[in-house]
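# Remarks on the overall topology
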Amino acid sequence: LPAFWDSQLFIKDLHFDGVPVRIYLPRETPASKRRGVIFFHGGCGIFGSIRSYERICRYIARKSDSVVVSVGYHLAPEHKYPAQTLECLTATVHFLKTAETYGVDPARIIVCGDSVGGTYTASVCQELGHRTDIPKIRAQVLIYPFLQALNFNLPSHQKNAASAFLSRERTVQFILKYLSKDYSLKEHILAGSHVPESMNLKYRKWINPDLIPEVFKLGYKPPLPTLFLPQVHEEVQELFDPWYSPLLAEDAVVCGLPDTCIVTCEHDVLRDDGLLYKKRLEDNNIRVTWHHVDKGFH
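Just so it is clear, the model here is predicted, and its values are computed rather than measured. (Residues numbered from 1 in each chain as written. Predicted model: local features only at pLDDT ≥ 70, side-chain atom pairs only at ≥ 80, totals over all residues. Heavy atoms only, no water.)

## Topic: the overall build of the protein chain
- Scanning the protein chain from N- to C-terminus turns up ten helices and eight strands.
- In terms of overall size, the protein chain behaves like a compact globule, its C-alpha atoms giving a radius of gyration of 19 Å where 298 residues would be expected to give roughly 19 Å.
- For the protein chain, the C-alpha atoms occupy an extent of roughly 60 × 40 × 40 Å along the three principal directions.
- A burial count over the protein chain gives 55% of its 298 residues as buried.
- Taking all contacts inside the protein chain whose residues are at least 6 apart in sequence as the whole, residues at least 24 apart take part in 76%.
- Accessible area of the protein chain: about 13600 Å², with a carbon and sulfur share of 56%.
- Measuring between centres, the 34 positive side-chain charges of the protein chain sit 5 Å from its 33 negative side-chain charges. (Helix = DSSP H or I, 4+ residues; strand = E, 2+ residues; numbered from the N terminus. Rg over C-alpha atoms; globule rule 2.2 N^0.38 Å. Buried < 20%, exposed > 50% of the residue type's maximum accessible area, 1.4 Å probe, protein only. Contact = heavy atoms within 4.5 Å. Areas by Shrake-Rupley, 256 points an atom, 1.4 Å probe, with all protein chains shown as cover. Lys, Arg positive; Asp, Glu negative; His and termini not counted. Charge placed at Lys NZ, Arg CZ, Asp CG, Glu CD.)

Here it is in structure tokens:
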């Protein structure tokens, strides 16, 4: 939908330091400064737009009586990674610094996103966690986020391998398109041949089927060991960057994160990313609210 008149909201298209945004401001005069919501849309970094999330952002603005900023980051592969993360970061910093201009309390701003928007949310919060020159983000909301590209054989990957909208195979195809990599790498990444044993050992404490609650592991079969392929590893270095795989961030970064809400869905290959991040945050004494949608899908 385009930005047209709304009886309850003022809607404006703006640029925050060069990044396109659409801002939704409730029309009713508030008794005090409002809360702010920065929203990053999903779509694997290659689909989606401000327009395609118009109804959702209006709904959030109306129902929560908040000022919502929807960020129109430029899409891959035309705009190469990490352009998307950088634009989300730029827009967030701009809004944190100028919130009062829009009648928003800078101490009550949350960052929110679905799917890859959840990835950008996690990355932005990790990047800004220890900054003292700007207001702190009050909370982050991660809606079925993508958080790691090391292991595509977790219980949720197996259970939902053939899900209609986001299958296990299609997830890796989208990753390769997003990073402008050759599709011939797909089978090797699905098998885990891109990860050296030393890295598997290092991150086992954070990315491991043993950390998933038993109730989510019905029917799970540990995959057979695979041969590490150094040439594949070299080709996909971006996958090991915490900006791309926020689950790989060190504890020193994670302990600086704000209060968190994580939404997971049962019928979703990415379900276990959310479960693993929940545990990591709780292990670092971050307050987490978790909503699991039993019949939900990605």
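## A few points about unusual backbone geometry
- In this structure, the amide linkage connecting Ala76 to the following residue, Pro77, adopts the cis form with an omega of 0 degrees.
- A cis amide bond links Tyr81 to the next residue, Pro82, at an omega of 5 degrees.
- Its location among the elements puts Pro82 in the loop between β4 (66–71) and α2 (83–98).
- Phi at Asp65 is positive, roughly 50 degrees, even though this residue is not glycine.
- In this structure, Asp65 sits in the loop between α1 (54–64) and β4.

## So, the UniProt feature "domain: Alpha/beta hydrolase fold-3" (unreviewed entry) in the protein chain
- Taking the UniProt record as the reference, the feature "domain: Alpha/beta hydrolase fold-3" (unreviewed entry) is found at residues 37–183 and 237–298.
- Structurally, residues 37–183 is divided into 38% helix and 18% strand, and its ends, taken at the C-alpha atoms, are 36 Å apart.
- Taken end to end, residues 237–298 is 27% helix and 31% strand, and its first and last C-alpha atoms sit 27 Å apart. (UniProt positions renumbered as here; feature names shortened; annotations may be inferred.)

## Some thoughts on the nonpolar core
- In this structure, Phe95, Tyr244 and Tyr277 are the most contacted members of the largest nonpolar core, which totals 77 residues.
- When residues are assigned to domains, this core turns out to be shared by domain 1 (9–148 + 243–297) and domain 2 (155–240), each giving three or more.
- Residue contacts for Tyr244: discarding those within four places in its chain leaves Tyr81, Thr119, Phe146, Ala149, Ile175, Tyr178, Leu179, Glu238 and Leu239.
- Phe39, Ile50, Val68 and Cys261 belong to the second-largest nonpolar core, a separate cluster that totals 14 residues. (Core = buried A, V, L, I, M, F, W, Y, C linked by side-chain atoms within 4.5 Å. Domains from an automatic or database assignment.)

## What to know about helix α10 (residues 271–283)
- Its 13 residues place the ends of α10 19 Å apart at the C-alpha level, agreeing with the 18 Å of an ideal helix rising 1.5 Å per residue.
- Judged by how many residues are buried, α10 sits mostly within the fold: ten of 13 residues are covered.
- Taken together, the buried positions of α10 are occupied by Arg271, Asp272, Asp273, Gly274, Leu275, Leu276, Tyr277, Lys278, Arg280 and Leu281.
- Considering only its buried residues, α10 is in contact with α3 (116–128), β6 (139–143), α4 (155–159), α9 (251–254), β7 (259–267) and β8 (288–297).
- Looking at the residues trailing α10, positive phi occurs at Asn285, about 65 degrees. (Expected span 1.5 Å × (residues − 1).)

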